[in-house]
Amino acid sequence: RKYTEQHEWIDVQGKIGTVGVTDYAQGALGDVVFAQLPEPDSELNQMDDCGALESVKAASELYSPVSGTVVEKNKDVEETPALINQSPYEQGWLFKIQLSKPEELDALLDEAGYENHLKNTGH
Amino acid sequence: MTYLRYRQICFFRQFRQGKTIILRNMKLSTIASQSFHNDVSKKLVFVSKSTNIFENLAIEDWLYKNFDFETQSLLFIVVIGRHQNPWVEVNLKNMSENGVFLSRRNSGGGTVYHDTGNLNCSFFSSRARYNRKSNLENICQSMKCNWNLDLTISPREDILLNSYKVSGTASKLGHKNAYHHCTLLVDVDSTKLHHMLKVDQLGIKSNSTPSVRSPTLNLKSICSQISVDEIIQVLGNYYIRNSSSQFEGLNFVEPSEEKFPGIDMLKLSFSNWHWTYGKTPSFVVCWPLGEQSPELSIVVQNGQIERLDFQNITIDKEHSRKLSELLLNQKLDNNLYNKILSSNVFEKMNDNCAKLKEMLLLLCLTSV
């Protein structure tokens, strides 16, 4: 699993990456009341604003950690956004993307790097 | 048709950096370097000269997208939240009869009514400096100092006076930038407020963000000397207090293309059907209303009728087919309204067809 500084994670199997937000992110958001996820077949560039998670009257933007084409969004999370809080790494996954530039993964943080990032930014 | 209008104030701070944008009247498109005293944080306040919703939403969006808030922070209808459903939140019939437009903002939260008795305050900052509670505390403190108003902040971060809501809050959080904006009910037309936000029960099934309704109060009803203009001065001055840099005063800005390049496009993006209605999360309307086993379920996605599910038998096959022809893949807008009005599908359909027609017409009363 790799991480971004925006508190997202991506788990790649073959060419498909599953994307979600980290435990830190779901805690910081509070109870998620609405998840706006990218539509399948949408083409995204790395760091594109691709959706939003709403909690406590705040809409937080979602960014794509990699470039590619969205192949699936998590309909369960659309129905029950609380899954993001309850299970951010398993049932609370957000969308799956077919990577167009797998080399982008190299620059993302690994687990230790992400932990460090949290420490350095005072979390 | 008239647009609901309101006043807009933006608060921000500008730090010493190599490249800054001069934010005085009216050179926003010019980037020049400025020398400031060391460690100075320059606070600036914009007051929009416009009372038009789409211009004010556009100016907020422009500032959010174009400003570098590492170097500066900013404090700047019926408006629905980003993930709300207008068919649930708003009385479209009353809006239509009164010539009132609807708009959708980019931040979360619920539905609000704006007129010129309302002041919208927007606090812009970098994501790291975002602090909604602090902004609200500043408002409460400054209002208390000037008018002795005992304002409190509720757990939902509404501002209350005597247990009544006088301000609602919402935010948008990006990676680099963020804003918190809130309303202030100074002297709003309460009758119109309730009239527009009163909802006809369409029995809509949806997971869009619901509004949390609260009883509201105008500040002017408690303190008769208060006015939107005076609050602008008070909040603006309070925000700039303790600023050690040269005092810029309040900047009254026109949300024009010349001063905010690209703002015309943003304004268009806020004022079209696709944004306001097309961005509604999927929902289902069942007919007859309130029945356990509906005869017809209308599935709406992106503001468009995607599917009609017929159950039970009071609508016969022929009429089901004609209804599908009329409604499938149609946007809920004025075009469909006219098609339904002039259609003969509803004649001799069944006993309840007049009510079905009425319900469908109500769904199409979209004002943009």
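Before any of the text, the structure's been laid out above.
Since this is a predicted model, take the numbers as computed values, not measurements.

1. Considerations on the nonpolar core
Residue and element names in this part refer to chain B.
Consideration 1: Ranked by internal contacts, the top residues of the largest apolar core, which has 44 residues, are Ile-298, Leu-327, Leu-332, Ile-340, Phe-346 and Leu-356.
Consideration 2: Listing elements by their share of this core, those giving two or more residues are helix H3 (92-98), helix H5 (190-197), strand E17 (283-287), strand E18 (296-301), strand E19 (304-310), helix H10 (317-327), helix H11 (334-342) and helix H12 (353-363).
Consideration 3: Among the elements that take part in this core, H12 stands out by supplying seven residues, more than any other.
Consideration 4: In this structure Leu-332 touches Trp-87, Trp-273, Phe-283, Val-300, Gly-303, Ile-305, Leu-363, Cys-364 and Thr-366, once residues within four positions along its chain are discounted.
Consideration 5: In terms of nonpolar packing, the next biggest core, distinct from the first, is built from 30 residues, Ile-9, Leu-136, Ile-232 and Leu-250 among them.

2. Thoughts on helix H1 (residues 53-66) of chain B
Residue and element names in this part refer to chain B.
Consideration 1: For H1, spanning 14 residues, the distance from its first C-alpha to its last is 20 Å, which sits close to the expected 20 Å at 1.5 Å a residue.
Consideration 2: Within H1, 12 of the 14 residues are buried, leaving the element largely enclosed by the surrounding structure.
Consideration 3: Taken together, the buried positions of H1 are Ile-53, Phe-54, Glu-55, Asn-56, Leu-57, Ala-58, Ile-59, Glu-60, Asp-61, Trp-62, Leu-63 and Tyr-64.

3. A look at the sheet that holds strand E12 (residues 164-167) of chain B
Residue and element names in this part refer to chain B.
Consideration 1: Strand order in the open sheet made by the three strands is E10-E11-E12, with antiparallel pairing throughout. Each edge of the open sheet carries a strand with a single partner, namely strand E10 (151-153) and E12. The sheet shows a mean angle of 45 degrees between the axes of neighbouring strands, taken without regard to direction.
Consideration 2: In this sheet, E12 lies alongside strand E11 (residues 159-161) in antiparallel orientation, the contact comprising three bridges. Paired with Ile-159 across the strands is Ser-167, a residue of E12.
Consideration 3: Together, E10 and E11 form the strand contacts of helix H4 (residues 132-147), whose direction differs from that of E10 by roughly 170 degrees.

4. Considerations on the layout of surface pockets
Consideration 1: As a volume, the largest pocket reaches approximately 1,300 Å³.
Consideration 2: Lining the largest pocket are 46 residues, and of these Gln-36, Leu-37 and Glu-39 of chain A together with Arg-82 and Lys-279 of chain B sit closest to its centre.
Consideration 3: In terms of residues, the lining of the largest pocket owes the most to one element, strand E6 (residues 49-55) of chain A, which gives four residues.
Consideration 4: Residue composition of the lining of the largest pocket, grouped by class: 17 nonpolar, 15 polar and 14 charged.
Consideration 5: Of the volumes computed, that of the second largest pocket is approximately 880 Å³.
Consideration 6: Per element, the largest residue contribution to the lining of the second largest pocket is five residues, and it comes from strand E7 (residues 58-63) of chain A.
Consideration 7: Looking at side-chain class alone, the lining of the second largest pocket contains 13 nonpolar, 10 polar and eight charged residues.

5. Description of the packing of aromatic side chains
Residues and elements named next belong to chain B.
Consideration 1: Tallying each qualifying case throughout the model produces seven aromatic pairs over all chains.
Consideration 2: Taking 5.4 Å as the distance between ring centres and 45 degrees as the angle between the ring planes, the aromatic pair formed by Phe-124 and Tyr-179 counts as tilted. Here Phe-124, found in strand E9 (residues 118-126), pairs with Tyr-179, found in strand E14 (residues 177-185); they are 55 residues apart in sequence, far enough to count as distant.
Consideration 3: On the basis of relative accessible area, Phe-124 is assigned to the buried category, the value being 2%.
Consideration 4: Through a chain of ring-to-ring contacts, three or more aromatic side chains come together here, namely Trp-87, Trp-273, Tyr-277 and Phe-283.

6. A word on the pattern of salt bridges
Consideration 1: Per the stated rule, a full pass over the model turns up 14 salt bridges over all chains.
Consideration 2: A salt bridge links Lys-73 of chain A to Glu-78 of chain A; the nearest nitrogen and oxygen atoms lie 2.9 Å apart. For the pair shown, Lys-73 of chain A and Glu-78 of chain A are each scored as buried.
Consideration 3: Linking Arg-307 of chain B and Asp-309 of chain B is a salt bridge whose minimum nitrogen-to-oxygen distance equals 3.1 Å.
Consideration 4: What makes Arg-307 of chain B partly exposed here is its relative accessible area of 43%.
Consideration 5: Here the residues in one salt-bridge network are Glu-318, Arg-321, Lys-322 and Glu-325 of chain B, joined through shared partners.

Rules behind the numbers
Residues numbered from 1 in each chain as written. Chains lettered and ligands numbered in written order. Predicted model: local features only at pLDDT ≥ 70, side-chain atom pairs only at ≥ 80, totals over all residues. Heavy atoms only, no water. Core = buried A, V, L, I, M, F, W, Y, C linked by side-chain atoms within 4.5 Å. Buried < 20%, exposed > 50% of the residue type's maximum accessible area, 1.4 Å probe, protein only. Helix = DSSP H or I, 4+ residues; strand = E, 2+ residues; numbered from the N terminus. Contact = heavy atoms within 4.5 Å. Expected span 1.5 Å × (residues − 1). Pairing = 2+ DSSP bridges. Axes fitted to C-alpha atoms, helices over the stretch in contact; angles between N-to-C directions. 1 Å grid on protein atoms, 1.4 Å probe; cavity = no way out; pocket = protein on both sides within 12 Å on 5 of 7 lines; lining within 4 Å. Points joined across faces, edges and corners; volume = space filled by probe spheres on them. Nonpolar A, V, L, I, M, F, W, Y, C, P; charged D, E, K, R; others polar. Phe/Tyr/Trp six-rings, centres within 6.5 Å; stacked < 30°, edge-to-face > 60°. Salt bridge = Lys/Arg side-chain N within 4 Å of Asp/Glu carboxyl O.

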